[in-house]
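This is what each chain is made of:
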Amino acid sequence: MADYESVLCVKNTIHVYKIPPRPSNRGYRAADWKLDEPDWTGRLRIVSKGKDLFIKLEDKTSGDLFAQCPVETYPGIAVEPVMDSSRYFVLRIKDEGGRSAFIGIGFEDRGDSFDLNVSLQDHFKWLKTEEEAKTASTQFDKGPKLDLGFKEGQTIKINIGTKKSDSSNTKARPRGNAGGGGIGILPPPPGGVKLPPPPGGGIQPPQPASAAQARMQPQAAPVAQNNSSSASSNIDLLLDLGTTNSDSTPLQPQAVQSSNDPWGDFTSAGSNTDNNWVQF
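These numbers were taken from a predicted model, which means no experiment stands behind them.

Draft legend 1. Up close: the environment of L127. Mapped onto the elements of the fold, L127 is located in helix α1 (residues 110–142). Residue class for L127 comes out buried when judged on its relative accessible area of 15%. Along the primary structure L127 and G50 are separated by 77 residues, whereas in three dimensions their C-alpha atoms are 9.5 Å apart.

Okay, structure coming up:
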């Protein structure tokens, strides 16, 4: 299978310069070139085909090839940066006949020169990784191989069925309450809880009276109910006065029975006194 061509970087503007011979072993200087008068302007493409890498200088409009620089290593003699600038490089171009020449190239922006460096470094880093993987695979193949095959007459047994669970040994997990607590709270007993009355007694709510009793009840009825103690003392006084006109048999005071009738105290008192008293 033939290797396909992959484009690693494209720069639409590149300037080409004719450069003088190397002045010394130290390197090239862009200041010695005619930077204001480039000899050619076009497009630069970095193309890889398998392990081979090429820098191609092409025409912007037609795409015709102007020059080509094969790159074997980087950094190396094929692509060499100048000493006094980061935007200019020296390329070694070759034709189909194998002849080579050195030309200078320059970018208008330092970001373009940075992209050129990164593209070349990534390609050769990938080649290094491939070589290391191939070396590791070769060393693995040379090592002793482990025979995991079955011997003659050897069998194995595999249980594919699911594990049976014993219902007697399984325990139901406790469920948490709705509030999210760890311990459940028992619900209240049916019918609710009746609290005992407060100590000392309380004011009992008035009992509902019938319509006839409500019409017959005078305005002073609540006073008689609230002053039950004073009514009982008046009964004792009436009983003492009644003994002067009656027989020598003393009258015994009777227990006052509480009722819902507000006139019940006066009625009971009048029944045990002399007829000279007028019942209210």
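Draft legend 2. Highlighting the packing of aromatic side chains. Per the stated rule, a full pass over the model turns up 5 aromatic pairs. When the centroid spacing of 6.3 Å and the interplanar angle of 80° are considered together, the rings of F89 and F107 count as edge-to-face. Separated by 18 residues along the polypeptide, F89 in strand β6 (residues 88–94) and F107 in the loop between β7 (100–106) and α1 bring together distant segments of the chain. The exposure classification of F89 matches that of F107, with both residues buried. An aromatic cluster is built from Y17, W33 and Y88, whose rings are joined through pairwise contacts.

Draft legend 3. Summary view of the pattern of salt bridges. Applying the stated criterion across every chain, the model contains 9 salt bridges. Residue R45 pairs with E58 through a salt bridge whose shortest N-O separation is 2.9 Å. Of the two residues, R45 sits in strand β2 (residues 40–49) while E58 sits in strand β3 (residues 52–58), which places them 13 residues apart along the sequence. Across the pair D95 and R99 runs a salt bridge whose closest N-O atoms are separated by 2.9 Å. R99 sits in the exposed class, given a relative accessible area of 64%. It is possible to trace a salt-bridge network through shared partners that takes in K11, D112 and D115.

Draft legend 4. A look at the nonpolar core. Counting residues in each nonpolar core, the largest one holds 25 residues, and the members touching the most others are I55, L57 and V79. Where this core is concerned, the elements lending two or more residues are β1 (5–17), β2, β3, β4 (65–71), β6, β7 and α1. If you tally residues by element for this core, the top one is α1, at 4 residues. Counting 8 residues, the second largest nonpolar core, distinct from the first, contains Y17, A30, W33 and V90.

Draft legend 5. The sheet that holds β1, seen in detail. As summarised here, the arrangement of the 7 strands in space is β4-β3-β2-β1-β7-β6-β5, forming an open sheet in which the pairing is antiparallel. The strands lining the two open edges of the sheet, one partner per strand, are β4 and β5 (79–81). The mean inter-strand angle of the sheet, taken between neighbouring strand axes irrespective of direction, is 30°.

Draft legend 6. Examining a nonpolar patch on the surface more closely. Taken together, the side chains of F150, I156, I158 and I160 present a nonpolar region at the surface, about 520 Å² in accessible area. Counting through the fold element by element, I156 comes out in the loop between α1 and α2 (211–216).

Draft legend 7. Structural view of the side chain of K56. Position of K56 among the secondary structure elements: in strand β3. Judged by its relative accessible area of 14%, K56 falls in the buried class. Excluding residues that lie within four positions of it along the chain, K56 makes contacts with E5, R43, L44, R45, V47, L65, A67 and Q68.

So, how was this worked out
Residues numbered from 1 in each chain as written. Predicted model: local features only at pLDDT ≥ 70, side-chain atom pairs only at ≥ 80, totals over all residues. Heavy atoms only, no water. Helix = DSSP H or I, 4+ residues; strand = E, 2+ residues; numbered from the N terminus. Buried < 20%, exposed > 50% of the residue type's maximum accessible area, 1.4 Å probe, protein only. Phe/Tyr/Trp six-rings, centres within 6.5 Å; stacked < 30°, edge-to-face > 60°. Salt bridge = Lys/Arg side-chain N within 4 Å of Asp/Glu carboxyl O. Core = buried A, V, L, I, M, F, W, Y, C linked by side-chain atoms within 4.5 Å. Pairing = 2+ DSSP bridges. Axes fitted to C-alpha atoms, helices over the stretch in contact; angles between N-to-C directions. Patch = residues over 30% accessible without salt bridge, like charges linked within 9 Å, V, L, I, M, F, W, Y side chains within 5 Å. Areas by Shrake-Rupley, 256 points an atom, 1.4 Å probe, with all protein chains shown as cover. Contact = heavy atoms within 4.5 Å.

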